[in-house]
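The residues making up each chain are set out below.
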Amino acid sequence: QEQLVQSGAEVKKPGASVKVSCKASGYTFDRFMHWFRQAPGRGLEWMGRINSHNGDVTYGRNFRDRVTLTWDRSVFTAHMELSSLRSDDTAVYYCARALTGQFDLWGQGTLVTVSS
Amino acid sequence: EIVLTQSPGTLSLSQGERATLSCRASQSVTSPYLAWYQQRPGQAPRLLIYGVGYRATGIPDRFSGSGSGTDFILTINSLQPEDSAVYLCQLYTDSPTFGQGTKVEIK
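Residues numbered from 1 in each chain as written. Chains lettered and ligands numbered in written order. Predicted model: local features only at pLDDT ≥ 70, side-chain atom pairs only at ≥ 80, totals over all residues. Heavy atoms only, no water.

Asker: Could you give me a rundown of the overall build of chain A, with the residues and numbers involved?
Answerer: Across its full length, chain A holds zero helices and eleven strands. Mapped from its N terminus to its C terminus, chain A presents α and β elements in the order β-β-β-β-β-β-β-β-β-β-β. With respect to the principal axes defined by its C-alpha atoms, chain A has extents near 40 × 25 × 25 Å. Contacts in chain A between residues at least 24 apart in sequence constitute 51% of all its contacts with a sequence separation of at least 6. Here chain A has roughly 5,500 Å² of accessible surface; of this, 47% comes from carbon and sulfur atoms. Of the side-chain charges in chain A, 14 are positive and 11 negative, and the distance between the mean point of each set is 3 Å. (Helix = DSSP H or I, 4+ residues; strand = E, 2+ residues; numbered from the N terminus. Contact = heavy atoms within 4.5 Å. Areas by Shrake-Rupley, 256 points an atom, 1.4 Å probe, with all protein chains shown as cover. Lys, Arg positive; Asp, Glu negative; His and termini not counted. Charge placed at Lys NZ, Arg CZ, Asp CG, Glu CD.)

Asker: Could you give an account of the interface of chain A and chain B, with specific residues and numbers?
Answerer: Listed by partner, the interface residues are 15 residues for chain A and 17 residues for chain B. Summed over both sides, the interface of chain A with chain B buries roughly 1,400 Å², with 63% coming from carbon and sulfur. The partner of A:Arg61 in a salt bridge is B:Glu1, with the nearest N and O atoms 2.7 Å apart. Our count for the contact surface shared by chain A and chain B stands at seven residue pairs in polar contact (both at pLDDT 80 or more). At the level of elements, strand S4 (32-38), strand S5 (44-51) and strand S10 (102-106) of chain A are the ones that each hand at least two residues to the side of chain A that touches chain B. Per element, the largest residue contribution to the side of chain A that touches chain B is four residues, and it comes from S10(A). Of the residues contributing to the side of chain A that touches chain B, the split by class is six nonpolar, six polar and three charged. (Buried area = accessible area lost by both parts, 1.4 Å probe. Salt bridge = Lys/Arg side-chain N within 4 Å of Asp/Glu carboxyl O. Polar contact = N/O pair within 3.5 Å; in protein donor to acceptor, adjacent residues only side chain to side chain. Nonpolar A, V, L, I, M, F, W, Y, C, P; charged D, E, K, R; others polar.)

In structure tokens form, the structure reads like this:
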């Protein structure tokens, strides 16, 4: 069964960093992996993508100064690290597998709460 | 950057009725990558339609997509209680972008 399993909820203080993992199973990790977030009452916002073949990354305009995407081939796991957290970074963060121009497999989501 | 605007914001219909959801792009879309997703509360989006009108694996045939240019439609025939959800349209050009969603309520 193909699935993406994300790490658990996090609570962070402003200024800290958070790292969310996304483990793929049931398929060969051979496609682009994208990351999105969804803040309360807001739409889905694209953060960036990583090419699992060569590790090339592309970051969304709103995040390129603060986000780092990596992947670990040995354990089929992608990571998203967001730094300099602010209260408006409180959101559910998703990884999603790209199938051409759409996303056919999603992680279950990871709630990140930023609060002092 | 193309902006996707969905309407209506909320659609309240009875079981068995047809739902027609609109997704309008701020400029004409030449990319074939227009998709629709269903998102139930507390869950991740689920791919319904890709390439404007192709159903994803396992999606019932009461879901259909159509459109071109700037106007795209998701139609849900014979609404079922489990169709209560938010529906999102998505376009991929240089990067993916989503509409803000239409909430479908079953009376």
